Amino acid sequence: MTSAPVATRDLSIPSPGDITRPALAGEKETMVLNMGPHHPSTHGVLRLVVELDGETVVNVAPDVGFLHTGIEKSMESKTYQKSLVMTDRTDYLAPLSNNLCYVLAVEKLLNCEIPPRATAARVLLVELQRISSHLVWLGTHALDLAAMSVFLYGFREREQILDIFELVSGARMMTSYFRVGGLAYDLPAEFPATVQAFLDIIDGRIDEYEDLLTHNPLWLERTKGIGILDAEAAVAFGVTGPGLRAAGISWDLRKDMPYCDYDSYDFAVPIAQNGDTYDRYLVRMAEMRQSARICRQALQRLHDLGPGPYVTTDRKIAPPPKSEITHSMESLIHHFKLWTEGFKPPRGDAFVAIESPRGELATYIVSDGSPKPYRVHMRTPSFVNLQALPYMARGYLVADLVALTASMDPVLGEVDR
Amino acid sequence: MTWLDIVILIVKCIVLTLAATTMFAYFTLFERRLLARLQNRVGPNRAGAIPLPGGQRILGGWLQPAADAVKLFFKEDVVPVMADKWVYIMAPGFAVIPALIIWVAIPLGYWPDGAGGNLLQLAEIDVAILYLLAVTSVGVYGIAIAGWASNNKYSMLGGIRATAQVISYELALGLAVLGVVMQAQSFRTDTIVDAQTTLWYIVPQFLGFVIFLVASTAEVVRAPFDLVEAEQELVGGYNTEYGSMKFALFFMSEYIKLIAMNAIAVTLFLGGWKVPGLQTLADAVTASFGANIGNAVFGLTSLGAFLLKVTVLSFVSVWVRATLPRVRYDQLMDLGWKVLLPLALINVALTAIVNVILPDNIWISGIVLFVLGLATLIGATILSRPKYTSSQVTMVKNNARS
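Every chain begins its residue count from 1, and numbering advances along the sequence as written. All chains are assigned letters beginning with A, and all ligands numbers beginning with 1, in the order in which they are written. Local features in this predicted model are restricted to residues whose pLDDT is 70 or higher, and side-chain atom pairs enter the listing and the counts only when it is 80 or higher, whereas totals over whole chains, interfaces and linings include all residues. Heavy atoms throughout the structure, all of them, feed into the side-chain values; hydrogens and water do not.

A.B. asks: Describe a nonpolar patch on the surface, and please don't skip the residues or the numbers.
C.D. replies: Note on patches: the residues involved have over 30% relative accessible area and no salt bridge, like charges join within 9 Å, and the nonpolar side chains Val, Leu, Ile, Met, Phe, Trp and Tyr join within 5 Å. For every accessible area listed, the method is Shrake-Rupley and the probe measures 1.4 Å; residues are considered covered only by the protein chains on display. By definition, a salt bridge exists where a carboxyl oxygen of Asp or Glu is found within 4 Å of a side-chain nitrogen of Lys or Arg. Residues B:Tyr26, B:Ile50, B:Leu52, B:Ile58, B:Leu59, B:Trp62 and B:Leu63 make up a contiguous nonpolar surface patch of about 580 Å² in total accessible area. For B:Trp62, a relative accessible area of 37% translates into the label partly exposed. With a 1.4 Å probe rolled over the protein chains alone, any residue whose accessible area is under 20% of its type maximum counts as buried; one over 50% counts as exposed, and the rest are partly exposed.

A.B. asks: Which residues make up the side chain of B:Gln196, and what values do they have?
C.D. replies: Helix and strand definitions here come from DSSP, where helices need a minimum of 4 consecutive H or I residues and strands a minimum of 2 consecutive E residues; each element is numbered from the N-terminal end. Position of B:Gln196 among the secondary structure elements: in the loop between helix 7 (189-194) and helix 8 (206-219). Other than its neighbours up to four places away in sequence, B:Gln196 contacts B:Tyr201, B:Thr267, B:Leu268, B:Phe269, B:Leu270 and B:Gly271. Only heavy atoms enter the contact rule, under which two residues are in contact if any of them lie within 4.5 Å.

A.B. asks: Which residues make up the pattern of salt bridges, and what values go with them?
C.D. replies: All names here are of chain A. Going through the model one piece at a time under the given rule, you end up with 41 salt bridges over all chains. The residue Arg-245 makes a salt bridge to Asp-252 at a minimum N-O spacing of 3.6 Å. For Arg-245, a relative accessible area of 0% gives the class buried. Since its relative accessible area comes to 0%, Asp-252 is described here as buried. The network of salt bridges with shared partners includes Glu-127, Arg-130, Arg-245, Asp-252, Arg-254, Glu-287 and Glu-355.

A.B. asks: Hey, could you go over the environment of A:Lys28 for me, with residue numbers and the actual values?
C.D. replies: Residue and element names in this part refer to chain A. Looking at the element boundaries, Lys-28 is found in the loop between helix 1 (16-20) and strand 1 (31-35). Residue Lys-28 is classed as exposed on the basis of its relative accessible area of 58%. Remark: the alpha-carbon pair of Lys-28 and Gln-196, spanning 168 residues in sequence, is separated by 60 Å. Excluding its chain neighbours within four sequence positions, the residues that come into contact with Lys-28 are Ala-23 and Asp-53.

A.B. asks: Mind laying out the environment of A:Gly204, listing which residues take part and the relevant values?
C.D. replies: Residue and element names in this part refer to chain A. By the secondary structure assignment, Gly-204 is in helix 7 (residues 191-213). When its relative accessible area of 42% is taken as the criterion, Gly-204 is described as partly exposed. Along the backbone, Gly-204 and Val-411 are 207 residues apart, and their C-alpha atoms lie at a distance of 27 Å.

A.B. asks: Tell me about the sheet that holds strand 1 of chain A, and name the residues and values.
C.D. replies: Strand pairing is assigned whenever DSSP identifies at least 2 bridges connecting the two strands. As summarised here, the arrangement of the 3 strands in space is 1-2-3 (chain A), forming an open sheet in which the pairing is antiparallel. Each of the sheet's edge strands pairs with one partner strand only, and the pair in question is strand 1 and strand 3 (56-63) of chain A. Going across the sheet, the axis of each strand differs from the next one's by a mean of 20°, ignoring polarity. Relative to strand 2 (residues 47-53) of chain A, strand 1 of chain A is paired through 5 bridges, and the arrangement is antiparallel. Directly across from A:Leu33, in strand 2 of chain A, lies its bridge partner A:Val50. Every axis corresponds to a line fitted to the C-alpha atoms, with the helix fit spanning only the stretch in contact, and the corresponding angles, defined between N-to-C directions, vary from 0 to 180 degrees. Packing of helix 17 (residues 398-408) of chain A onto the sheet brings it into contact with strand 1, strand 2 and strand 3 of chain A, and relative to strand 2 of chain A it is tilted by some 150°. Helix 6 (residues 153-184) of chain B rests against strand 1 and strand 2 of chain A of the sheet, and its axis sits at about 115° to strand 1 of chain A.

A.B. asks: Outline the interface of chain B and chain A, supporting the account with residue identities and numerical values.
C.D. replies: Tallying the contact residues gives 40 residues for chain B and 55 residues for chain A. Here the quantity called buried area is the total loss of accessible area, with a 1.4 Å probe, experienced by two parts when brought into contact, counted for both. Across the interface of chain B and chain A, roughly 4,100 Å² is buried in total on both sides, 54% from carbon and sulfur atoms. At the surface where chain B touches chain A, the tally comes to 2 salt bridges. In this structure, B:Arg328 and A:Asp400 form a salt bridge, with 2.9 Å as the shortest nitrogen-oxygen distance. Residue assignment for the side of chain B that touches chain A shows that the elements contributing at least two residues are helix 1 (3-38), helix 6, helix 9 (231-234), helix 12 (291-323), helix 13 (329-357) and strand 3 (394-396) of chain B. Counting residues per element, the side of chain B that touches chain A draws most heavily on helix 6 of chain B, which supplies 5 residues. Split by residue class, the side of chain B that touches chain A holds 17 nonpolar, 12 polar and 11 charged. Looking at chain direction, strand 6 (residues 269-271) of chain A and strand 3 of chain B are connected through 3 bridges and run antiparallel. Note on strand 3 of chain B: the bridge partner recorded for A:Val269 is B:Val396. Gly falls in the polar group here, along with every residue not listed as nonpolar (Ala, Val, Leu, Ile, Met, Phe, Trp, Tyr, Cys, Pro) or charged (Asp, Glu, Lys, Arg).

A.B. asks: Tell me what's going on with the state of the cysteines, and back it up with residues and numbers.
C.D. replies: All names here are of chain A. The definition used for a disulfide is geometric: two cysteine sulfur atoms within 2.5 Å. A complete count under the given rule lists 0 disulfides over all chains for this structure. Cys-101 provides the cysteine sulfur closest to Cys-260, a residue in no disulfide bond, and the two sulfurs are 10 Å apart. Residue classification places Cys-260 among the buried residues on the basis of a relative accessible area of 12%. The structure places no disulfide on Cys-295, whose sulfur is separated from the nearest cysteine sulfur, that of Cys-260, by 13 Å. In this structure Cys-295 comes out as buried when scored by relative accessible area, which is 0%.

A.B. asks: Requested: an account of the packing of aromatic side chains, with residues and values cited.
C.D. replies: Residue and element names in this part refer to chain A. Paired rings are identified among Phe, Tyr and Trp, the last through its six-membered ring, by centres lying within 6.5 Å, and are further divided according to the angle between planes into stacked (under 30 degrees), edge-to-face (over 60) and tilted (the rest). Using the criterion set out here, one finds 29 aromatic pairs over all chains in the structure. With centroids separated by 5.7 Å and ring planes inclined at 20°, the aromatic side chains of Tyr-80 and Phe-343 adopt a geometry described as stacked. Of this pair, Tyr-80 sits in helix 3 (residues 80-87) while Phe-343 sits in the loop between helix 14 (329-340) and strand 7 (348-356), and the two are 263 residues apart along the sequence. The class of Phe-343 is buried, set by a relative accessible area of 4%.

A.B. asks: I'd love a proper account of empty space enclosed by the protein, names of residues and values included.
C.D. replies: Residues and elements named next belong to chain B. The method works on a 1 Å grid over the protein atoms by themselves. A cavity is a set of points holding a 1.4 Å probe that cannot get out, a pocket is an open set with protein on both sides within 12 Å along at least five of seven lines, and residues with an atom within 4 Å of a point line them. Grid points are joined across faces, edges and corners, and a volume is the space filled by probe spheres set on the points. Scanning the model with the defined rule gives 4 cavities of 30 Å³ or more in all. Estimated volume of the largest cavity: approximately 80 Å³. In terms of lining residues, the largest cavity is bounded by Ala-95, Gly-139, Val-140, Ile-143, Val-166, Glu-219, Val-220, Val-221, Tyr-238, Ser-253, Glu-254 and Lys-257. Elements supplying a minimum of two residues to the lining of the largest cavity: helix 5 (140-149) and helix 10 (244-269). The element that contributes the greatest number of residues to the lining of the largest cavity is helix 10, accounting for 3 residues.

A.B. asks: If you had to explain the pairing of strand 3 of chain A to someone new, which residues and values would you point to?
C.D. replies: Residues and elements named next belong to chain A. Within strand 3, 6 of the 8 residues are buried, which leaves the element mostly enclosed by the surrounding structure. Direction of pairing for strand 2 relative to strand 3: antiparallel, over a ladder of 7 bridges. Across the sheet, Arg-47 pairs through a bridge with Asp-63, a residue of strand 3. Between the antiparallel neighbours strand 2 and strand 3 lie 2 residues, among them Gly-54 with a positive phi of about 70°.

A.B. asks: Can you explain helix 14 of chain A? Please cite residues and give values.
C.D. replies: Residue and element names in this part refer to chain A. For a helix, the expected span equals 1.5 Å multiplied by the residue count minus one. Counted at 1.5 Å a residue, the expected span for helix 14 with its 12 residues is 16 Å, and the 16 Å between its end C-alpha atoms agrees. When helix 14 is considered as a whole, its buried residues turn out to be Ser-331, His-334 and Leu-338. Along the axis of helix 14, the buried positions cluster into a sector of 60°, meaning they face one direction only. In this structure, helix 14 carries Met-329, Phe-336, Trp-339 and Thr-340 as exposed residues pointing more than 90 degrees from its buried face. Among the structural elements, helix 3 and helix 13 (322-325) are those in contact with the buried residues of helix 14. Working definition: the arc comes from the directions between the helix axis and the C-beta atoms, pointing outward to the latter.

A.B. asks: Describe in detail helix 4 (residues 128-138) of chain B, supporting the description with residues and values.
C.D. replies: Considered for burial, the residues of helix 4 of chain B that qualify are B:Ala128, B:Ile129, B:Leu132, B:Leu133, B:Val135, B:Thr136 and B:Ser137. Those residues of helix 4 of chain B hidden inside the fold are in contact with helix 3 (85-101), helix 5, helix 6, helix 7, helix 8 and helix 10 of chain B.

Written as structure tokens, this is what we have:
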């Protein structure tokens, strides 16, 4: 598949109208099948307009925008702290990754210092988030191919991760736990033991899923050589994340543009060669194990650091603790100013990219010196990765379309923002 | 035949129909509970729970099938505007009737009625096997018609898939059964069961049994061959546009057919209602309580044994559903035509050759056939193993770029 150069291959991304138009004279009559926005396996409200010849996909047009919530625009009318909670709602399977990307961008704008304890906690929680996001991907991917037990096994472990999130932030999904300057609250005392309990079982559980799928002949039949996205095309489309790494390109921002001291952790980036659905599966499975490895190191680091500040001591950015407000005039003023007005970053812009479970997630913030961002833009991996879908799907069957869509793991909240 | 005989026959038919539908209802409960267990869930455990004085509740869920039925009865019955109305309404009937009439030719047990007949087999047909094969494949008309009449693209794709699938697996299924017919030298189901007194046909017809299991799963469009309804691709396939009792009828036909296929597998390969020591038990009861009680004990025990064997096969069906991903349309065709059909032909040839060459002793020919069948199966597995490009995950520690 990789022999022909990109230029000679059909990289076009059709719009629904290209497919639904009547056949011209001399053109072959095809059937147009409308999959979605309400369909069991489009992972949200994705609409796929599929042109079928029998059961073979001739062309497919992804139609997005059904979940458009205007998050980027709404942020312009909210202070920086209040905009944070909206980031949870974009990629709702990895809210902490979105939180992280946003707070890193604001912190870059403010040029503020983060206590090491907060950074280690961020790394730990974001890697747990990666595992939980990949577990949802694994479950739904397997469910799309009708291997339904894996779904429930995966959700059993995800439940444990969500319990950890609930423990630290009080919320299971929309955590908003990372704040500009650090964390929202300190980590609770039972946190290390709870995380350790999870890390003790997760490797065995991943083995369990792999026992069910990795060498299963039916799974191989359904995923091997399906939806090939070669390296050249992946780069042309701007695909990032496991889709790119499965095509053999080692591009992981945790290694290549380290943030949050990722360069001080010992982990590896799994890559594969074929770029098919099976390789994307293998890469994600290996990533989960690597994430667990990073979690262990981060937990150890938290232990070594001992108790300490969990948020920056700069009172212009993070509010003072309640105890201080009661007997310090200064603190009271800071609290009042932060809550009524918010902080004012200097004029300028900041761009921060991180490796979210789905690929390269970036936030670009323009500040005009007021307490509200002038413009926030998110470069969301799902949206970009979805562009490759028509290229990957042409020539395969309807059943494969479902499999390869699942293997790209799009989250529609993130696609439409 | 007096009119009394006719009345008795009608009563028997009604009892058999009710038995089949009840079996279907409880099979759904069995499946839901078992699937739940296999997937770390609880399953339906509320309907009909009986509170005990200690505050415990037992037998939760036993009324679930009734609750499901009531729910479906009270759903609004919608006919799509663009559907072909009469065909649309008739299709569930086409699906469910063949599923029900399969049961007349299956000996559910042996309860002598004193006049040489068997109370637990409604019709003793000379060509019962042909009848079973015919009736099991007629059911696909219901699905194909439903897919066409709904006037929905998903339904139509489902209907087309169903037709292709059932036609492809019909051949392998028929040839798998042929091996048994050659062994027993009869098309009668009761004769086939009687012929398995010494040795169940699963031993000499091991290859046939495996083919039959796979082909019958495909024939009743059951996971992993359920691509006719394939929720993830075709939403619901042929039954997408069906609701209320019409959907329930499709559901019913599918499950009754599944149980019936398992029942046929038991009859042909697992000795039907036969269990060792049954005759001794019946004789002992007859000696002390009389022939009527003895016959009843024989009948009920054989029925119980039959149902137990069907339950074991049903367990396998649910287990397979919980474990395996669905195959793809073209892979299904490949399996049917390129693997199962040649294997079934080999099985027929082997059976013929062994039965002609070897002495007429079921143990010798049985074991020889078993070994040959197993060898063929292993050989076919090795030969038909697909060649994939190898996948390797490389761990990159440090990128050259950084």
